[in-house]
2 protein chains.
Amino acid sequence: MSGMASDMASPARLASTAFDLDTWAGVRLVQVEQALDRWVTSDVPQGLSHGAPAELVDAMRYAVLDGGKRLRPLLVLAAHEAVCDEDCVTCFAAALRAACAVELIHAYSLVHDDMPCMDNDVLRRGKPTVHVQFGEASALLAGDALQALAFELLTPQDGSVAPTVQANLCGLLARAAGSAGMAGGQAIDLASVGLPLTESQLREMHELKTGALLQASVVMGAHCGAPEPHALRALRAYGAAIGLAFQVVDDILDVTADSTTLGKTAGKDADNNKPTYVSLMGLQASQAYAQRLLAQARLALDDSGLPQTRTRALLALADMVVNRAN
Amino acid sequence: MSGMASDMASPARLASTAFDLDTWAGVRLVQVEQALDRWVTSDVPQGLSHGAPAELVDAMRYAVLDGGKRLRPLLVLAAHEAVCDEDCVTCFAAALRAACAVELIHAYSLVHDDMPCMDNDVLRRGKPTVHVQFGEASALLAGDALQALAFELLTPQDGSVAPTVQANLCGLLARAAGSAGMAGGQAIDLASVGLPLTESQLREMHELKTGALLQASVVMGAHCGAPEPHALRALRAYGAAIGLAFQVVDDILDVTADSTTLGKTAGKDADNNKPTYVSLMGLQASQAYAQRLLAQARLALDDSGLPQTRTRALLALADMVVNRAN
């Protein structure tokens, strides 16, 4: 008995029962920030953007560094840990690159989305948007270069990532970012302003616009290891649920939060007569829908066949997506 | 003697001595056009852009189909044939994808380059530019989606292209398109308007802006086969020479050709106070420089160790780049 009590109180036992998302994410956010700082640069000969003009790199760094929740990189790393030992050095090299690559795609989409011909937004993460700070032409080019850099990151020539994994990650990211993914969703969004959408049309738009890249983050993380087909299907379902939940909550926060908390202009969607979950379903039904999607995400993890100790970060991230304040 | 005469007159002998670029290119241009038409679509379930909104795909097709010299795809296919049997089905599948991918990157760069915040051009290949036809926001998104589609094309999931080749091609294209390639060159171009550049600064700008993607076309084509290191180095040198020659000739044509011949606004660079080879070196010296670069390209092919029968298309393309009328 005394042996059992001692075992339960041991640090190893505590580590396997207690899970603190902030602590988990804190370590990984430092790794992601350092990697982005190292890779989005022209300062060192080893830098990926070696030979790139300093002004362009300045705009790229401004768009990427010191900002955002880094939800997508955290999803990549959490999914990687779900299928693979977190101390596995080889897969982690791939996962860290994938984490940064999805963030570069996300960052470029924000730069272009904020431009005058799109949403014409001047504030992002509490700072002037890239085109306000650097001019429209530089914003356009910085976005373009960030997209290319994402694929550069996924294809290191130093042998650190297996070619099969490189090819897989490039394919997943390209599909999630392109016309049948994020860019396609933005095109539907653009064409939908002022139009009455049904819930299924709204869902389709968001599945492409935001969902595709969030889901790809999860799937790419898993592909850095060697996931079982069953686990991969479950993680894909998890990714779909939180991808949609993210947007439903975004729509909710657009009407319930203020600009300071959001770090961007609140009430913008309603002002722009954009269809949202709140305008379609009402606030209360949207909140209930977000909770149902969270339940779906949890269920997918339960069904994955992966040990609960491995999926705790994904579980906590799903909870954070739905219950966040900004 | 009679046997020898008969041998010299045989079709096989004729085929190995006579080379007609138009005939060679004609066949390949049909293959490229058909492939682009098949891949840049949302019409069929097998289409790469399945699920993409029709309006976005319309703008993407408008930007890509029925236009341009297709120099980059031809370079990819010619380089592939230089290192590999042209009837090799496996490599050709990769080379055709690479050919279309570089053209998608080129097409997206033109769409963004023509936008009001960049060159503000309304005419391209004799047609209204994409933002004139579809609006600025759609042009921005179509360009973004074309870049992603390029990487999607390079990563087919049907086993038709080996993962190592996929990874290699993605890496080469990403580096050529990004901040230390095409996008970087455009940023330097933008920052150079009205500034006095030295010849080396002008060359550096063009090596990135136009040269990187032209050179990558050659190198990517070679990587679809299994090139010898010596041949690869020679093809890289060939690509560098014609990449630069292309821009020198572009600058020459900007002052010597009219808009109808060019299919775009002539005299634009001079009007915009942009530094060009002609403004820096004068017309005659620019023409002599272009011929020197052509000689360098020829020399590289001679040095490649590749049989002359295999490098004839590359040779003819170099000649076309320098001696073209538009």
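Here the structure is shown first, and the text comes after it.
In this convention, every chain numbers its residues from 1, walking through the sequence in written order. Written order determines the labels here, with chains lettered from A and ligands numbered from 1. Per-residue local features are limited, in this predicted model, to residues with pLDDT of at least 70; the limit for side-chain atom pairs, both in listing and counting, is 80 or more; totals at the level of whole chains, interfaces and linings are taken over all residues.

Student: I'm lost on the overall build of chain A in this one. Help?
Tutor: Secondary structure counts use DSSP, requiring at least four H or I residues in a row for a helix and at least two E residues in a row for a strand, with both numbered from the N terminus. The number of helices and strands found in chain A is 17 helices and 2 strands. Burial in this document is a count-based property: other C-beta atoms within 10 Å of a residue's C-beta are tallied, and the residue is buried at 20 or more, exposed at 12 or fewer, or partly exposed in between, with C-beta positions derived from the backbone. The proportion of buried residues among the 326 residues of chain A is 54%. The contact rule is simple: place each C-beta atom from the backbone, and if two of them lie within 7 Å, those residues are in contact. Counting contacts in chain A only where the partners sit at least 6 residues apart, residues at least 24 apart contribute 74% of the total.

Student: In this structure, what is going on with the packing of helix H10 (residues 182–192) of chain B against helix H11 (residues 199–223) of chain B? I would like to understand it.
Tutor: Any two packed helices are characterised by the angle at which their axes cross and by the distance between the axes. Residue and element names in this part refer to chain B. Direction vectors running N to C along H10 and H11 enclose 145 degrees, while the axes themselves pass 7 Å from each other. The crossing of H10 and H11 is left-handed. Contacts between H10 and H11 involve Met 182, Gly 184, Gly 185, Gln 186, Ile 188, Asp 189 and Ser 192 on the former and, on the latter, Met 205, His 206, Leu 208, Lys 209, Thr 210, Ala 212 and Leu 213. Here the axes come from fitting lines to C-alpha atoms, over the contacting stretch only for helices, and the angles between their N-to-C directions go from 0 to 180 degrees. Crossing handedness is read from the near helix: turned anticlockwise from the far helix by less than a right angle, it gives a left-handed crossing, and turned clockwise, a right-handed one.

Student: Would you take a moment to explain the interface of chain A and chain B for this structure?
Tutor: You'll often see interface size given as the accessible area lost when the parts meet. The interface of chain A with chain B comprises 46 residues on the first partner and 46 residues on the second. Secondary structure elements with two or more residues in the side of chain A that touches chain B: helix H4 (54–64), helix H8 (136–153), helix H9 (163–177) and helix H10 (182–192) of chain A. Considering each element in turn, the side of chain A that touches chain B owes the most residues, 12 residues, to H8(A).

Student: Explain the relation of the copies chain A and chain B here, please?
Tutor: Each of the two chain copies goes to the other by way of a rotation about an axis and a shift along it. When the copies are superposed, the least-squares fit takes in the C-alpha atoms of residues with a pLDDT of at least 70 in both. Mapping chain A onto chain B calls for a rotation angle of 180 degrees and an axial translation of 0.0 Å; the resulting RMSD is 0.0 Å. Taken together, the turn and the small shift mark the pair as related by a two-fold rotation axis. In terms of proximity to the rotation axis, the leading residue of chain A is Ala167(A), whose C-alpha is 2.4 Å off the axis. Comparing interface residues between copies, 100% of those in chain A also sit at the interface in chain B, which points to an isologous, same-surface contact.

Student: Any chance you could explain the environment of Ile105(A) here in plain terms?
Tutor: Residues and elements named next belong to chain A. With respect to the helices and strands, Ile 105 occurs in helix H6 (residues 89–113). Ile 105 gets classed as buried once you count the C-beta atoms within 10 Å, which come to 27. Counting along the chain gives 77 residues from Ile 105 to Met 182, while the straight-line C-alpha distance between them is 9.4 Å. Those residues in contact with Ile 105, other than ones at most four positions away along the chain, are Gln 147, Ala 150, Leu 173, Ala 177 and Leu 213.

Student: Could you clarify how one ought to interpret the nonpolar core in this entry?
Tutor: It is characteristic of soluble globular proteins that their nonpolar side chains tend to be buried jointly. Residues Leu173(A), Ala245(A), Leu173(B) and Ala245(B) are the most contacted members of the largest nonpolar core, which totals 226 residues. Sequence-distant contacts of Leu173(B), that is, excluding residues within four places in its chain, are made with Ala101(B), Val102(B), Ile105(B), Ala150(B), Leu154(B), Ala216(B) and Met220(B). Take the buried Ala, Val, Leu, Ile, Met, Phe, Trp, Tyr and Cys residues, join any whose C-beta atoms are within 7 Å, and the set you get is a nonpolar core.

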